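Results of the structural survey
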Amino acid sequence: MHEQFKISVETEHENKLAKEIRDVYCQLSKIKRTQAIILGQTNGLLAAAALSLPICSRLNGFGQAMTLQQCEPRRILLSAKETKCGFQPLFTYSENNCTIGTDGWSIHPYSDCFWKTPLININGYPYAWEHNDTNGDWVKQDATIHTPNLDLIAEFEELHLNNFDYTLKRHPAHNILEMEQLNILNELVGKLQEGEPKSLSDIIVTEEQDNKIGNMFSWFDTLKIISIATIGFILFLICLRAWIACNPFPKLIAHLKTKYKRGEIEQATDIEHALRTEENPNNLPRTNSRHH
């Protein structure tokens, strides 16, 4: 029985987990779709990245619908140019000075102060220009503060087979503890002392007093008991004598015999009447016929 309960609980956990996974997946799909629709209105590359589409994919939003465009990746040599707004990413593409778009993937015509901060977005990761007197390069920056995630349960607690413990606890010795019995007895003694002004020794009857319970009655009580018993015995004898004097058994037997004989006579009369009816079915009077 306990094994069946364990299987039932584990199945219930698995069903709840499966339902939770479906709900989370459904909510995640809705969020991704909404995010892609919003990003598709402004930046198709970010919208495609939100849906984990291949690199250089672009989504163009048209209301609730979107179109997918596959771009061609290009390899560039990225350098930096110092301006009043800091170091700006710079590279040459088709004989034009260009920079990286704020989405981290697109190519944008170069302009001073395009990037307002020292950090720039390159392929979805933050980079900063680090240099010395002779050399410099864009270095990826590692995040130190991460966004909080959902506190999901790692695993369900295992249910151990403890049939042996349950078997011991079902023993009658575990039903009532000795301390509980002592508390009940103590409460009973307290109730007796509260409701009776006498001491407890005057209320409790010992074994010796119980054996001498007959001596506790006075001679007057004993006389009353003997008188009542004698009167009852005399009344019983009177009733028995009256029953014998009446002797109802012979009268009852005679009455039954008379009733039986009367029944036989009535039965014989009915048989005779039936025979007469068969001889003369039309109830016609009998006549003597003469033959000529």
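Since the structure is predicted, the reported quantities are computational estimates derived from the model, not experimental observations.

**Some words on the overall build of the chain**
A count of helical and extended segments in the chain gives eight helices and nine strands. Among the 292 residues that make up the chain, the fraction classed as buried is 13%. Sequence-distant contacts in the chain: of pairs separated by 6 or more residues, those separated by 24 or more amount to 24%. Summed over all atoms, the accessible surface of the chain reaches about 25700 Å², with 59% contributed by carbon and sulfur.

**Some details on the layout of surface pockets**
Empty space among the atoms becomes apparent when a probe as large as a water molecule is rolled across them. The space that makes up the largest pocket amounts to roughly 630 Å³. Surrounding the largest pocket, 20 residues form its lining, P73, R74, W105, I107 and N123 being those nearest its centre. When its residues are assigned to classes, the lining of the largest pocket shows 13 nonpolar, three polar and four charged.

**Structural notes on the side chain of T99**
Note on placement: T99 falls in strand β5 (residues 96-100). Given the relative accessible area of 1%, T99 is considered buried. Separated by 2.9 Å, the side chain of T99 and the backbone oxygen of P89 make a polar contact.

**Describing the sheet that holds strand β9 (residues 136-140)**
The strands that make up a sheet are held in pairs by hydrogen bonds between backbone atoms, and each pair lies either parallel or antiparallel. A sheet is described by the order of its strands in space; here three strands give the open sequence β7-β8-β9, paired in antiparallel fashion. The two strands at the open ends of the sheet, each matched to only one other strand, are β7 (119-122) and β9. On average, each strand axis in the sheet is tilted by 40° relative to the strand beside it, whichever way the strands run.

**Points about helix α7 (residues 219-246)**
Over its 28 residues, α7 extends 41 Å from the first C-alpha to the last, a length consistent with the 40 Å expected when each residue adds 1.5 Å. Burial of α7 is sparse: only zero of the 28 residues sit out of reach of the surface.

**Quick notes on the pairing of strand β4 (residues 86-93)**
In this structure, strand β3 (residues 79-83) lies alongside β4, joined through five bridges in antiparallel fashion. Within β4, the residue paired with A80 across the bridge is P89. Linkage of β4 to β5, two consecutive antiparallel strands, is achieved through a turn of two residues, within which S94 is found at a positive phi near 55°.

**Comments concerning the sheet that holds strand β6 (residues 107-109)**
Strand order in this open sheet of four strands is β3-β4-β5-β6, and the pairing throughout is antiparallel. A single partner strand is all that each edge strand has here, and the edge strands are β3 and β6. When the angles between neighbouring strand axes are averaged without regard to direction, this sheet yields 50°. Bridge count between β4 and β5: three bridges; the pairing is antiparallel. Following the sheet pairing, F91 is matched in β5 by C98.

**Looking at the state of the cysteines**
The tally for this structure, following the rule as stated, stands at one disulfide. Paired by a disulfide, C85 and C113 hold their sulfur atoms 1.7 Å apart. Residues C85 and C113 share a disulfide whose torsion about the S-S bond is about 85°; that sign makes it right-handed. Highlighted residues: C85 in the loop between β3 and β4 and C113 in the loop between β6 and β7, separated in sequence by 28 residues.

**Side note on the nonpolar core**
Counting eight residues, the largest nonpolar core consists of F91, C98, I100, W115, I120, I122, Y127 and W138. Beyond its immediate stretch of four places on either side in the chain, Y127 contacts P118, L119, I120, I122, W138, V139, K140 and Q141.

**Quick notes on a nonpolar patch on the surface**
A contiguous nonpolar patch, built from F233, F236, L237, L240, W243, I244 and F249 and spanning about 780 Å² of accessible area, is present on the exposed surface. Take the nonpolar patch: its biggest share by element is six residues, from α7. With respect to the secondary-structure elements, W243 resides in helix α7. You can call W243 exposed: its relative accessible area is 51%.

**Comments concerning the pairing of strand β1 (residues 57-62)**
Of the two faces of β1, the one lined by S57, L59 and G61 is fully buried and the one lined by R58, N60 and F62 carries no buried residue. Of the strand pairs in this sheet, β1 and strand β2 (residues 65-70) are connected by six bridges, and their pairing is antiparallel. Across the sheet, G61 pairs through a bridge with M66, a residue of β2. Linkage of β1 to β2, two consecutive antiparallel strands, is achieved through a turn of two residues, within which G63 is found at a positive phi near 70°.

**Regarding the packing of aromatic side chains**
One pass over the structure, following the stated rule, counts three aromatic pairs. On the numbers, 5.3 Å between centres and 70° between planes, the contact of W129 with W138 is edge-to-face. You can call W138 buried: its relative accessible area is 7%. Pairwise contacts between aromatic rings join F87, W129 and W138 into one cluster. A cation over a ring is seen here: K140 above Y125, with NZ or CZ 3.9 Å from the ring centre.

So, how was this worked out
- Residues numbered from 1 in each chain as written.
- Predicted model: local features only at pLDDT ≥ 70, side-chain atom pairs only at ≥ 80, totals over all residues.
- Heavy atoms only, no water.
- Helix = DSSP H or I, 4+ residues; strand = E, 2+ residues; numbered from the N terminus.
- Buried < 20%, exposed > 50% of the residue type's maximum accessible area, 1.4 Å probe, protein only.
- Contact = heavy atoms within 4.5 Å.
- Areas by Shrake-Rupley, 256 points an atom, 1.4 Å probe, with all protein chains shown as cover.
- 1 Å grid on protein atoms, 1.4 Å probe; cavity = no way out; pocket = protein on both sides within 12 Å on 5 of 7 lines; lining within 4 Å.
- Points joined across faces, edges and corners; volume = space filled by probe spheres on them.
- Nonpolar A, V, L, I, M, F, W, Y, C, P; charged D, E, K, R; others polar.
- Polar contact = N/O pair within 3.5 Å; in protein donor to acceptor, adjacent residues only side chain to side chain.
- Pairing = 2+ DSSP bridges.
- Axes fitted to C-alpha atoms, helices over the stretch in contact; angles between N-to-C directions.
- Expected span 1.5 Å × (residues − 1).
- Disulfide = S-S within 2.5 Å.
- Core = buried A, V, L, I, M, F, W, Y, C linked by side-chain atoms within 4.5 Å.
- Patch = residues over 30% accessible without salt bridge, like charges linked within 9 Å, V, L, I, M, F, W, Y side chains within 5 Å.
- Salt bridge = Lys/Arg side-chain N within 4 Å of Asp/Glu carboxyl O.
- Phe/Tyr/Trp six-rings, centres within 6.5 Å; stacked < 30°, edge-to-face > 60°.
- Lys NZ or Arg CZ within 6 Å of the ring centre and 35° of its normal.

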